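Breakdown of the fold
Residues per chain, in single letters:
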Amino acid sequence: MGEMSPAQAESMYFNNYPPPKALQKHESLARAFIDYHVEANRRLVLVTSGGTTVPLENQTVRFIDNFSAGTRGATSAEYFLQAGYAVIFLHRQFSLLPYSRHYSHSTNCFLDFMDEATCSSSAGGEGPNHGPIVVRDEYQDEMRDVLRQYRYAKKNNLLLLLPFTTVSEYLFELRSLAQLMRPLGPNALFYLAAAVSDFFIPRDRMVEHKIQSSEIPDSVRQQQQQQGQEDAIDPADVYTGENEAQPPTNSKKLIIDLDPVPKFLHRLVDGWAPDGSMIVSFKLETDPGILVYKARTALQRYSHHLVIGNLLSTRKWEVVFVTPDPPHERWIRVPKSKRSKSISGVEDQVGLAEHSRQLAAGGGGDQANESRPLAADESELSRNGIEIESLIIPELIKMHSQMIKART
Ligand code: PMT
């Protein structure tokens, strides 16, 4: 696909895949939602969230996935709603959702927030063994707050949740939504936090049925051939597991040959998105030495407005805003005393990407790594930590306001 124009790559890709089953339904929900907010002259943000899957078989049993839980997207959506934006939340099915994220998945199981109240039989209940279910005292205030915000968003039709699973579903949905958002003009904002797969198996190379891990007996194969089944399994396609009682005679590894997923950010910026809208993409890296470089390259390649760079190990505590205009690179960090704990995070690495950038630019790089692991006596503080999205979203809204102002 290297020599194709972005528009050619687009038609090649989208003509090769059937649209997702839910696309029409999602389009009509989105159309009504967008119309409603165009009418109210309200700003609307499309937040993409979570990872995409890459199926290995057409009738999919196995797929490639990535780490993203959708925390960035779900948390950001809440801060956008708080600031008065309407939100289309295009998310990986079963990843974290705005508001319910506080009480879902194994880290915050909702059952841990509840209790069975004691109930005297005189209160008219069904006796002392059937007290009503209540929220535990220590969580009342926080849960009331979350519940109110959730209800407000629902009552005022401010949040539309649309799920995807595979990378192709994501791309179809993104294209449709961007095109439907055109009437919003500069009031539209794209916040692309999803972790989109970079490699996939093109449709013409994808097998129909589950890839086999053991031999198919000759009798079954012959039967298939007699029945004229076109996709009778070729022995060359068979993977034979290594743990069989009889060592297989025909042992094969499973080798997966993946193509790069065409990058559609170009088409989003230059074709699908409304004129004057603001487009923000994310760049994730694990190597502090290349983060800013990669973010800047993406900004130059796609000519959009902002790339937010983050490292896998520090993404809950620091991000870098990379923009075409000065200051070009701006770090946003949660102050040390306000950092929440993160199981996967490595606090020692906060500051490393900026430091290596200063060294590369020939600066002294005096700013030593300003972090250290949380000491035990700081655990109290960490419970009151702030979310980095509470710092990201207001900054972004300022930039969006300036863009809107510049066009009016
Ligand atoms: O969900 P969490 O656990 O909280 O993690 C959040 C996050 C780390 C996933 C998030 O903050 C993040 O960085 N997301 C982007 C990951 C990334 O590096 O994306 P990318 O380099 O593959 O793509 C860059 C941009 O191009 C993305 O905004 C994407 O929407 C877009 N893209 C990607 C692939 C593709 N084929 N077409 C695209 O348009």
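Let me begin by describing the structure that accompanies this report.

A short note on a nonpolar patch on the surface
A contiguous nonpolar surface patch, about 390 Å² in accessible area, is contributed by F110, L111, M114 and I133. With respect to the helices and strands, the residue L111 is situated in the loop between β4 (86–92) and β5 (114–116).

Section: the pattern of salt bridges
Under the defined criterion, the tally for this structure stands at 19 salt bridges. Across the pair E57 and R62 runs a salt bridge whose closest N-O atoms are separated by 3.2 Å. Given the relative accessible area of 0%, E57 is considered buried. Within the structure, one salt-bridge network assembled from shared partners comprises E10, R175 and R267.

What about the nonpolar core?
Counting 87 residues, the largest nonpolar core has F80, F190, Y191, L268, I308 and L396 as its most contacted members. Of all the elements, helix α5 (residues 167–180) adds the most residues to this core, at eight residues. Ignoring any residue separated from it by four or fewer positions in sequence, one finds F80 in contact with V45, V47, Y85, V87, L189, Y191, I393, L396 and I397.

A short note on the sheet that holds β4
Read from one edge to the other, the open sheet built from eight strands follows the order β7-β4-β1-β8-β11-β12-β13-β14, with strand pairing classed as mixed. The sheet terminates laterally at β7 (159–164) and β14 (329–333), the two strands that pair on one side only. Taking each pair of neighbouring strands and ignoring which way they run, the sheet shows an average axis angle of 20°. Pairing of strand β11 (residues 278–285) with strand β12 (residues 306–311), which is carried by six bridges, proceeds in the parallel orientation. Within β12, the position partnered with F282 by the bridge is I308.

Here we look at the side chain of T52
Looking at where T52 falls in the secondary structure, it is placed in the loop between β1 (44–49) and β2 (54–55). A distance of 2.5 Å separates a polar atom in the side chain of T52 from a polar atom in the side chain of S197. Dropping the residues within four chain positions of it, T52 is found in contact with I64, D65, N66, R92, F164, T165, T166, V167, Y170, A195, V196 and S197.

Side note on the packing of aromatic side chains
Under the definition given, this model contains 16 aromatic pairs. Ring centres 6.1 Å apart and planes at 75° place the aromatic pair F14 and W272 in the edge-to-face group. Pair noted here: F14 is in helix α1 (residues 6–16) and W272 is in helix α7 (residues 265–272), with a separation of 258 residues, a long-range link. In this structure, F14 and W272 share a single accessibility class: buried.

Brief notes about the site of the ligand
Lining the immediate surroundings of the ligand are 24 residues, of which S68, G70, R72, K283 and N310 lie closest. Contacts to the ligand include R72, whose backbone N or O atom sits 2.8 Å from an oxygen atom. Between the ligand and L265, the relevant distance is 3.2 Å, taken from an oxygen atom to a main-chain nitrogen or oxygen of the residue. Relative to its unbound accessible area of 790 Å², the ligand is 96% covered by the protein chains. At the level of secondary structure, the elements contributing two or more residues to the shell around the ligand comprise α3 (71–82) and β11.

Remarks on the environment of R407
Relative to the helices and strands, R407 resides in the segment after α11 (389–406). Here the alpha-carbon distance between R407 and G276, two residues 131 residues apart in the chain, equals 7.6 Å. Beyond its immediate chain neighbours, meaning those up to four positions away, R407 contacts P186 and G276.

What counts and how
- Residues numbered from 1 in each chain as written.
- Predicted model: local features only at pLDDT ≥ 70, side-chain atom pairs only at ≥ 80, totals over all residues.
- Heavy atoms only, no water.
- Patch = residues over 30% accessible without salt bridge, like charges linked within 9 Å, V, L, I, M, F, W, Y side chains within 5 Å.
- Areas by Shrake-Rupley, 256 points an atom, 1.4 Å probe, with all protein chains shown as cover.
- Salt bridge = Lys/Arg side-chain N within 4 Å of Asp/Glu carboxyl O.
- Helix = DSSP H or I, 4+ residues; strand = E, 2+ residues; numbered from the N terminus.
- Buried < 20%, exposed > 50% of the residue type's maximum accessible area, 1.4 Å probe, protein only.
- Core = buried A, V, L, I, M, F, W, Y, C linked by side-chain atoms within 4.5 Å.
- Contact = heavy atoms within 4.5 Å.
- Pairing = 2+ DSSP bridges.
- Axes fitted to C-alpha atoms, helices over the stretch in contact; angles between N-to-C directions.
- Polar contact = N/O pair within 3.5 Å; in protein donor to acceptor, adjacent residues only side chain to side chain.
- Phe/Tyr/Trp six-rings, centres within 6.5 Å; stacked < 30°, edge-to-face > 60°.
- Near = heavy atom within 4 Å.

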